[in-house]
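# Commentary on secondary and tertiary structure
Chain by chain, the residues:
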Amino acid sequence: MTTVAIIGAGAIARDHVAAYRRIPGVRIAYVADLELSRAVDLAALAGGATPTTAVGAIFAAPEVEAVDICTASGSHAALTIAAARAGKQIHLEKPAALSLDDFAQMEAAVAAAGVSLMVGQTARFQPVNREIAARIVEGTIGAPRYLHVLWYTGHVWPEGWRSWQLDPARSGGHPVHNGVHALDLAVWLLGSDPTRVFARGFRSFAPTMGTPDSFHMTVRFASGALALLEIAYSLRARGDSLRRILAVGEAGSLHHTTEGDPNLFSDSLRPPPQATEDALYYQLTHWLATLAGKETPIVTLPQVRATLAAALAAQESLTSGLAVTPERMVADA
Amino acid sequence: MPDRAPLGLLVLSGVRHAASYLPIFDAHPAVVLRGLCEEADAPEWAHRDTRLLAEQYGVPFGTDPEAALVRDDVDLVLACSEPTRHARLAAQALRAGKHVLMDKPMATTTAECALLAEAAAGAPGKFTIVHRLFAPPIQRARRQIDAGHIGLVRSIDLEFLASGVHFATSVERPELVANPVLSGGGELLNFLVYPVDYLRYLTGAEPVEVFAEAGSFFFEPHRQFGVEDLGIISLRLEHDIIATLTVGRVPYAPTPGSGSSELRIIGSHGHITVDENRPQLDLWSTTTERRGFPIGGESARGTVTTEIDEFIRDILEDREPLYGLADGWAAIATIDAAYRAVQTGQPVTLAPYPARRMR
């Protein structure tokens, strides 16, 4: 039995709790949040967890082996460093940090403490992407040279104008907040680090949005491979979804689109595509298996660093209008 | 058809796509093929290809374009050489007062565009370039946009990929798209005109700024000549519309046919998906590989037939062709900017061109 504490009780933490409830051998001991009422509400769903606003108490609790950090991005660095110093194994929601400097300090802290840090790069655990990765690894299309990832959705930002995700100072901007999903997928599938990023974006529904909710990233990799990564939160109807992935290799192509996939079509529920469902369940199952020494972590810290550097470069590209080299940002850090 | 003499057609250089365009002209009741002509100093293979077509259609083959172009019984010229001679041959035919349909790309440089514009100024003949705007899926998307179903276009994702498995049959000589002496560039020059045309036709907006990445990933001829087989082109159009185009030749495009052409258009009030190969009928058979049959036929084949039909009507009814010199120039200016962006690694602004709002 692995005993976990969840830090943060927002929407994504709720999804984590739902996933943990399906995984045997895990107990949620605490749910922490700055607002006790939110922690109480989520703890009630977590089967006997103790709600708290005292994160320090969690770090001091010897029965807590691991923490799952689900807070807003700006607090990731401090909480990760504190958890590492307390000797806890760590699962951290994406993006890992809002700067490479912060991430370097987080890496140093976990290395010094001898604990593990897994960043929740959920796209890797979506069934369609697991399938594509497996086919690439077995050499079905030869060396992949081009990747096109497209995520279009009809999304409504929670909390309206209070949404921290819309504030680049708190979220890093949308390329950092959600762009890391597609960038991480590209880093993983292409097996290479981004060397140049160019981004264009647009604000779908309100010109004064703090960050474009929709954007295209053109990415060159050290291997010479190219990727086009698109995220658009601009489909009209809430719950609408169009996802497509194309990997072109030297011997063929792998392609999937959700257009035409079987699904439930009903006014009462708009379920996500089957090809991407249950990713968080697979992700947390993998994390717990790595803690038990039964699986090798597939999300490595150098990959997370490369992804974060590219995401920060994409955000800089959106504001400067220029192509940006992630290495330069590493050097700046 | 109007009660008048048929239009006499001269093919000025009959290489590459000429073999696929000629049957369409030949079947047209208002056109009669007068002959094929190749420049005297053209390469030997161009002479051979053009002469072979002449023999196939039982018409004369000549090597003196000037003499062929003064013939009174020639009204219409199909200029269909390798790309680096396109602009010069089309300009020559325009100066001779003929109606001209030329193969794409209209030119391989913006300087050639200016040369062609000079020839077209005051020329009495109608002029158009091969395009694919009459493709039924593109026409349908345009109607949907015009009807206001998706509001204002905000972004377009366009993927236009040819399958390398068909490389040997889709172009008779790989050098025609890979050797810059003949092609003027790589696959961006070869293919990017179509996607740029689509963008301008669907949005009514002109490209303003271009960023591009490209590489030689898959094919030996491209590596040998140092040109790209694949590129990503990111555009900003007027009204801050964003568009990203993936264009090139890959080992296998994600379609059972010779190539894929897909668009995803996001508007302020809805979105449109376009696939020039779909909807399609799937065949699983004990005697052949799995195949797909696009419902309504192959988009690319049908659109050229429609364009030729329409151009002949333009001539007979004195109408302005849908696609003209300014449109071809816009495509070449975009390609020129894309190549400069690849070289500099930064976005570049398009060189000025005489933009014309597409109707």
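Now for a quick tour of the structure. (Residues numbered from 1 in each chain as written. Chains lettered and ligands numbered in written order. Predicted model: local features only at pLDDT ≥ 70, side-chain atom pairs only at ≥ 80, totals over all residues. Heavy atoms only, no water.)

### Regarding the overall build of chain A
Scanning chain A from N- to C-terminus turns up 12 helices and 12 strands. Relative to the 2.2 N^0.38 estimate, which gives 20 Å for 333 residues, the radius of gyration of chain A is 19 Å and therefore close to what a compact globule would have. With respect to the three principal axes, the spread of C-alpha positions in chain A is 50 × 50 × 45 Å. Residues classed as buried in chain A amount to 58% of the 333 residues present. Within the structure as shown, chain A displays about 12900 Å² of accessible surface, and the carbon and sulfur contribution to it stands at 53%. Distance between charge centres in chain A, computed from 26 positive and 30 negative side chains, equals 1 Å. (Helix = DSSP H or I, 4+ residues; strand = E, 2+ residues; numbered from the N terminus. Rg over C-alpha atoms; globule rule 2.2 N^0.38 Å. Buried < 20%, exposed > 50% of the residue type's maximum accessible area, 1.4 Å probe, protein only. Areas by Shrake-Rupley, 256 points an atom, 1.4 Å probe, with all protein chains shown as cover. Lys, Arg positive; Asp, Glu negative; His and termini not counted. Charge placed at Lys NZ, Arg CZ, Asp CG, Glu CD.)

### Comments concerning the sheet that holds strand E5 (residues 99-102) of chain B
All names here are of chain B. Judged by pairing direction, the sheet is parallel, and its 6 strands sit side by side in the order E3-E2-E1-E4-E5-E6 without closing on themselves. Because the sheet does not close on itself, it has two edges, and the strands there are strand E3 (61-62) and strand E6 (127-129). As paired strands, strand E1 (residues 7-14) and strand E4 (residues 76-80) are joined by 5 bridges and run parallel to one another. In the sheet register, Leu-10 faces E4, and the bridge partner there is Val-77. Where helix H13 (residues 299-316) meets the sheet, its contacts fall on E1, strand E2 (31-37), E4, E5 and E6, and the angle it forms with E5 comes to roughly 165 degrees. (Pairing = 2+ DSSP bridges. Contact = heavy atoms within 4.5 Å. Axes fitted to C-alpha atoms, helices over the stretch in contact; angles between N-to-C directions.)

### Looking at the pairing of strand E12 (residues 270-275) of chain B
Looking along a regular strand, one sees side chains alternate from face to face of the sheet. Residues and elements named next belong to chain B. With 6 bridges joining them, strand E11 (residues 259-267) and E12 adopt antiparallel strand pairing. Residue pairing in the sheet places Leu-263 in a bridge with Val-274 of E12. Counting the residues in the hairpin turn of E11 and E12 gives 2 residues.

### A closer look at unusual backbone geometry
Residues and elements named next belong to chain B. A cis geometry characterises the amide bond from Lys-104 onward to Pro-105, with omega recorded as -5 degrees. On the secondary structure map, Pro-105 appears in the loop between E5 and helix H5 (110-120). For the peptide bond that leads from Arg-278 to Pro-279, omega is 5 degrees, which places it in the cis range. A positive phi angle is found at Arg-16, which is not glycine, with a value near 55 degrees. A positive phi is found at Asp-240, a non-glycine position, where the angle reads about 60 degrees. Under the relative-accessibility criterion, Asp-240 is labelled partly exposed at 48%.

### Observations concerning the packing of aromatic side chains
Inspection of the entire model under this criterion finds 7 aromatic pairs over all chains. On the basis of an interplanar angle of 25 degrees and a centroid distance of 4.3 Å, the ring pair of A:Phe198 and B:Phe211 is categorised as stacked. Placement of A:Phe198 in strand E8 (residues 194-202) and of B:Phe211 in strand E8 (residues 207-215) is noted, with the two residues assigned to different chains. A residue is classified by how much of its surface remains accessible, and A:Phe198, at 1% relative accessible area, is buried. Centroid distance B:Phe160 to B:Phe191: 5.7 Å. Interplanar angle 50 degrees. Geometry classified as tilted. Here B:Phe191 lies in helix H10 (residues 187-191) and B:Phe160 lies in strand E7 (residues 153-163), a separation of 31 residues in the sequence. Members of the aromatic cluster, connected to one another through ring pairs, are B:Phe160, B:Phe191 and B:Tyr194. (Phe/Tyr/Trp six-rings, centres within 6.5 Å; stacked < 30°, edge-to-face > 60°.)

### Looking at the packing of helix H1 (residues 11-20) of chain A against helix H10 (residues 279-291) of chain A
All names here are of chain A. One can describe the packing of H1 onto H10 by two numbers: an axis separation of 9 Å at closest approach and a directional angle of 70 degrees. Comparing the axis directions of H1 and H10 gives the class roughly perpendicular. As H1 packs across H10, the resulting crossing turns out to be right-handed. Here H1 contributes Asp-15, His-16, Ala-19 and Tyr-20 to the contact with H10, which in turn contributes Leu-280, Tyr-281, Leu-284, Trp-287 and Leu-288. Among the residues forming the contact of H1 with H10, the class breakdown is 7 nonpolar, 1 polar and 1 charged. (Parallel < 35°, antiparallel > 145°, perpendicular 65-115°, else oblique. Left-handed = near helix turned anticlockwise from the far one by under 90°. Nonpolar A, V, L, I, M, F, W, Y, C, P; charged D, E, K, R; others polar.)

### Some details on the side chain of A:Ser317
All names here are of chain A. Tracing the sequence through the fold places Ser-317 in helix H11 (residues 301-320). Classification of Ser-317 as buried rests on a relative accessible area of 0%. From its side chain, Ser-317 meets the backbone nitrogen of Ala-199 in a polar contact 2.9 Å long. (Polar contact = N/O pair within 3.5 Å; in protein donor to acceptor, adjacent residues only side chain to side chain.)

### What about the sheet that holds strand E10 (residues 241-250) of chain B?
Residues and elements named next belong to chain B. Pairing within the open sheet is mixed, and its 7 strands lie in the order E12-E11-E7-E10-E9-E8-E15. The strands lining the two open edges of the sheet, one partner per strand, are E12 and strand E15 (348-349). On the sheet, helix H11 (residues 193-203) packs against E7, E8, strand E9 (230-237), E10 and E11 and is oriented at approximately 155 degrees with respect to E7. Of the strands in this sheet, E8, E9 and E15 are in contact with helix H14 (residues 325-344), which crosses E8 at around 55 degrees.

### Overview of the side chain of B:Thr128
Residues and elements named next belong to chain B. Looking at where Thr-128 falls in the secondary structure, it is placed in strand E6. Residue Thr-128 is classed as buried on the basis of its relative accessible area, which comes to 2%. Leave out the neighbours within four places in its chain, and Thr-128 touches Val-100, Leu-101, Met-102, Glu-307, Phe-311, Pro-321 and Tyr-323.

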